[in-house]
Amino acid sequence: VTFVGERAGEGYFSQDGSLFVFQSEREPGNPFFQIYLMDLQNGEVRRVSPGIGKATCPWIHPSKKKVLFASTHLDPQAREQQRAEYEKRTGGESRRYSWDFDEQYDLFETDLASGQAKNLTKARGYDAEASWSPDGSLIIFASNRHAYTQPLSPEEQDLFARDPSSQVELYLMKADGTQVRRLTISAGYDGGPFFSADGRKICWRHFSEDGATAEIFTMNVDGSDVRQLTQMGAMSWGPYFHPSGDYLIFATNREGMRNFELYIVDATGAAGATGAAAPARVTFSEGFDGLPVFAPNGKRLAWTSARGREKQSQLFFADWNDAEARGRVGLPAPSEIVTEDGATPASSPSTDGSGLLTISERGLRTHISTLATEKMDGRLTGTPGEQQATEYVASVFQWLGLTPAGDNGSFFQSFPFTAGVSLGEDNRLTLHTGIEARKFTVNTDWRPLTFSQTGEIEESEIVFAGYGIVAPATDGHAEYNAYAGLEVKDKWVMVFRYLPEDVTPQQRQHLNRYGGLRYKAMVARDRGARGLIVVSGPRAKVKEQLVPLSFDSSLAVSSIGVMTVTDAVAEQFLQNTGKTLNDLQAALDPGTPVPGFAIPDFTLEVTIDITQEKRTGRNVVARLSADTPGQGAVLVGAHVDHLGRGVGAGSLAREEEKGQVHFGADDNASGVGGMLEIAQALTQAKGRGQLQLQRDVLFAAWSGEEVGLLGSGHFARTFGGGSSESTTLSPAISAYLNMDMIGRFDKSVSLQGVGSSSMWPGEIERFAAALGVSVSLQPDSYLPTDSTSFYLKQVPSLNAFTGAHADYHTPRDTVDKLNFEGAAKITRLMAALTRSLATRTETPDYVAMTRPSTTMARVNLRAYLGTIPDYTQSEVFGVKLTGVAKGGPAEQAGVQTGDVIVELAGRKVENIYDYTYALDGLKIGAEVKLRVLRYGQPVTVNVTPGSRE
């Protein structure tokens, strides 16, 4: 729920569930908690504490007109303490978080209308941990005030000097601060009190005298009927009544000293009785989970957790299953929870949070179903299917009355591209042996590579250069030079296709960055070679010996010839050397370079003919104009293209699915549907006079995303008369919002690129809370989607993504598998963000990020396990799997959907980069250990990597 600042926590609902108050460290220059109030109807957040000193333990009055909290802002030393603490933290000094029992803490109430804070307690000592009774007449709080006015024994004085919490007890007073009376008198800290929903009971936690353990207690408001609910022998604290009053939730570290988890317990105290149900565990996340509270209707839980990647506390919401909870602690079925006036409390906001915008689930279904039909033929860029899809988008834009923003006053923006490559008719390879000329058949014996020089290549000699790798020495790795002492000028260089097969995973990872075929061709070219011959070799265990004729989006060619030959052809090249491919590869595979050599008496005569197929793709672009346009339009986009019938390397279709239509319902008809719904919502709101735009909003359906971000890249290069040399689109474009695959919403949507602007966390916190959308934030801005085209032009960019799945890039990605309700939630969130950006004069700042150094291109990964990572799970340490490919090595090893990979081949895995890097070190066919967490428990399996090629 919270994403801004260093940390946040201890949040509480108002009695009708519409407001939420919490503490957070988010003020610039202030290292201490302050109190904030969030309106769950619209996401607005305001500070309600003075902003000076420390503030904690907030509570909302039943009238919703006041907020109660503890604060030290009246301390004369407050500003100096704040400055000193801030300098410590900014200077790099850190300390483990601990609760502060500052004797300057007093209780205050802020009137929300005037903003004035009223002092309710003025006694010396720690006054905090306070809350109003449900009728607002009483305040329960914790205090050690008596320790400053009443005599203590020498032992008590010594302990109090070391630990002020040792004298904290519970106090009750009237809401105006009068008639204060002490409720508990016992050795050990009593604190964290709350009233039950009916106002008759109080729960709290009592620490042992030595502070080592704490247990959960309840009593009547008058202090009678004291019951100990837990006997866990651990630090159990932070109790809170379920609104029914039948059970409580609390935190305990019984699972480990620093691992606090949430538990529930029967409110009658029966848990301690023989044969009764024991407290039941609720959370299973390593680290801190605590301070849980229920929404007034008992159907939502809020709590503080450090489960995020930064391991700093933030606030989380979850749906609460009351019936399941009751069963866990042996309670009967639930009854309806009602307030004193007979109303059922609200569990979620009644509006869509944007105030003006309505997103139609039916409209989403119409758009997606239209784009993901057989008629669209997979929407491959530059095909009739793409033309039909873009025509549909343009017709919606026209129906909405948007202004065309494409070429020559139209909605379309065209761009030329190379759609594919094929072999021409004039490909020839001849081996001259001196006594004969052996001709080889293209596509059977040999094949040119896409980036090869074309035309006739002068007859030349051949040399062998091992794996063709040149890699510098680094810490732990010696220099590797396959060309040492080898003269290759004006000759063909024959090299093995991959890397030495028997090197360690660490050396494999080091060499891989120098092992790509383009890189090997560059190395050969720079040494004056005339061409590069690539052979797989018998030890490579490839599916096909010849490198496929495929192309990448750059289509850059080399100034030398590049071709691949079968092992049998390469053996013929070697026949005069007395060596075999197997012997050469076996000698090289341990990882030590073996000197290369010239192949005597043989020359090659080569002609290479590769034809590039040119096509034209088109984007669809429209504009919603502001009445008083400011600088920098907001751009909302999604890619409309897909894979057609699976042409090219992108398809993951099974053998029996080859050639079938790839419908692309999730990828990315879902994103286009969301973009169109946002366009309709904003246009209609503006037409009703309910939207005052400060800047234009552009809407775009990109084509060419699947073949290299071609459409968005073309737009980014040419918008506003720009050129490819321009490094920025600012101020012409102020922000870009992208939706790529929003149709498989499960538990949360991943918002990627949050690191591109400091504005994103606050905006997301505001609207995600208001709309009740669970999100995970990922800072990376270098993404394999269209948002990168704009981030590289210094535009703050955000991408919504619900994750990969087993149907990705296959004919199985169909409309019937989509979660339309979830897609509508995500679209509402992105619509609210768009509206906010377009109606404010403030422009989001751009934050430059370093490209992750561990990113590995998929094309360089040979090892295949058949795992499908869940990219939305940013709070998980490890790589959670959203699926496992049927029949793949992982499935055969027993890996399951939902497993979290934490170690592969001895390498620790904390994120997708670690996992990719670990995959990079695997040897095909060599069994390794894979360690996963399954329902929190470690499971180790043996898996044998297969080959992608």
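The rules behind each value
- One numbering rule holds for all chains: residues counted from 1, following each sequence as written.
- Only residues with pLDDT of at least 70 are given local features in this predicted model, and only at 80 or more are side-chain atom pairs given and counted; all residues enter the totals for whole chains, interfaces and linings.
- Neither water nor hydrogens contribute to the side-chain values; these are computed over all heavy atoms in the structure.
- Think of it this way: any DSSP run of H or I at least four residues long counts as a helix, any run of E at least two long counts as a strand, and we number them from the N terminus.
- Each radius of gyration is computed over the set of C-alpha atoms, and the globule rule expresses the reference value as 2.2 Å times the number of residues to the power 0.38.
- Burial here depends on accessible area, computed with a 1.4 Å probe over protein chains only, as a share of the maximum for the residue type. Under 20% is buried, over 50% is exposed, and the range in between is partly exposed.
- What makes two residues a contact is simply this: any of their non-hydrogen atoms within 4.5 Å.
- Calculation of accessible area relied on Shrake-Rupley with a 1.4 Å probe; when residues are assessed, cover is drawn exclusively from the protein chains displayed.
- Two residue types count as positive, namely Lys and Arg, and two as negative, namely Asp and Glu; His and chain ends fall outside the count.
- One atom stands in for each charge, and that atom is NZ of Lys, CZ of Arg, CG of Asp or CD of Glu.
- Strand pairing follows a simple DSSP-based rule, namely that at least 2 bridges must link the two strands.
- Salt bridges are identified by distance alone: a Lys or Arg side-chain nitrogen within 4 Å of an Asp or Glu carboxyl oxygen.
- The directions from the helix axis to the C-beta atoms form the arc being described.
- A fitted line through C-alpha atoms represents every axis, and for helices the fit uses only the stretch in contact; the resulting angles, taken between N-to-C directions, go from 0 to 180 degrees.
- The length a helix should cover is 1.5 Å for every residue beyond the first.

> What exactly am I supposed to notice about the overall build of the chain here?
When helices and strands are tallied, the chain shows 16 helices and 50 strands. On C-alpha atoms alone, the chain measures out to a radius of gyration of 33 Å, which is about the 30 Å that the 2.2 N^0.38 rule sets for 949 residues. Here the chain holds 949 residues, and 57% of them are scored as buried. In the chain, 67% of the contacts between residues at least 6 apart in sequence involve partners at least 24 apart. Approximately 38,700 Å² of the chain is accessible, and the part contributed by carbon and sulfur atoms is 48%. When the 91 positive and 113 negative side-chain charges of the chain are each reduced to one mean point, those points stand 1 Å apart.

> I would appreciate a short explanation of the environment of F195 in the present structure.
Positionally, F195 belongs in strand β13 (residues 190–195). Between the alpha carbons of F195 and I139 there is a distance of 9.2 Å; along the sequence they are 56 residues apart. Residue contacts for F195: discarding those within four places in its chain leaves S131, W132, S133, P134, L138, I139, I140, L172, K201, I202, V221 and F241.

> Is there a simple way to explain the sheet that holds strand β11 (residues 169–174) in this structure?
Within a sheet, neighbouring strands are paired by backbone hydrogen bonds and run either parallel or antiparallel to one another. With antiparallel pairing, the four strands of this open sheet are ordered in space as β9-β10-β11-β12. Of all the strands in the sheet, just β9 (127–132) and β12 (181–182) have a single pairing partner and so form its edges.

> Explanation requested: the pattern of salt bridges in the structure shown.
Taken as a whole and judged by the stated rule, the model has 49 salt bridges. Across the pair D502 and R539 runs a salt bridge whose closest N-O atoms are separated by 2.8 Å. Of the two residues, D502 sits in the loop between β32 (492–496) and α6 (505–512) while R539 sits in the loop between β33 (531–535) and β34 (561–565), which places them 37 residues apart along the sequence. Classification of D502 as partly exposed rests on a relative accessible area of 34%. In this structure R539 comes out as partly exposed when scored by relative accessible area, which is 28%. Because the salt bridges share partners, they merge into one network encompassing E44, E763, R766, R840 and E842.

> Can you walk me through helix α7 (residues 517–526) in this structure?
Side chains of residues three or four places apart in an α-helix project in the same direction, reflecting 3.6 residues per turn. Within α7, burial applies to L517, K520, A521, V523 and A524. For α7, the angular spread of buried residues about the axis comes to 160°, placing them on one side. Here the buried face of α7 lies against β30 (470–471), β32, β33 and β34. Following α7 by one or two positions, G528 has its phi on the positive side, about 90°.

> What exactly am I supposed to notice about the pairing of strand β1 (residues 7–13) here?
Note on strand geometry: in a regular strand, side chains alternate between the two faces of the sheet. Within β1, seven of the seven residues are buried, which leaves the element mostly enclosed by the surrounding structure. In terms of strand pairing, β1 meets strand β2 (residues 19–25) through five bridges, oriented antiparallel. From the neighbouring strand, F13 faces β2, where its bridge partner is F20.

> Before we go on, may I ask you to explain the sheet that holds strand β35 (residues 597–608) in this structure?
The strand order across the open sheet formed by eight strands is β27-β26-β35-β29-β32-β33-β34-β28, and the pairing between neighbours is mixed. Here the strands that pair on one side only, and so sit at the sheet edges, are β27 (437–440) and β28 (446–448). Each strand of the sheet is rotated relative to its neighbour by a mean of 30°, with strand direction disregarded. Inspection of the sheet shows strand β26 (residues 428–432) paired to β27 by four bridges, in the antiparallel sense. Note on β27: the bridge partner recorded for H432 is A437.

> In this structure, what is going on with helix α10 (residues 665–687)? I would like to understand it.
The terminal C-alpha atoms of α10 lie 31 Å apart, and with 23 residues this matches the ideal 33 Å at 1.5 Å per residue to within 8%. Two residues or fewer after α10 comes G689, characterised by a positive phi angle close to 80°.

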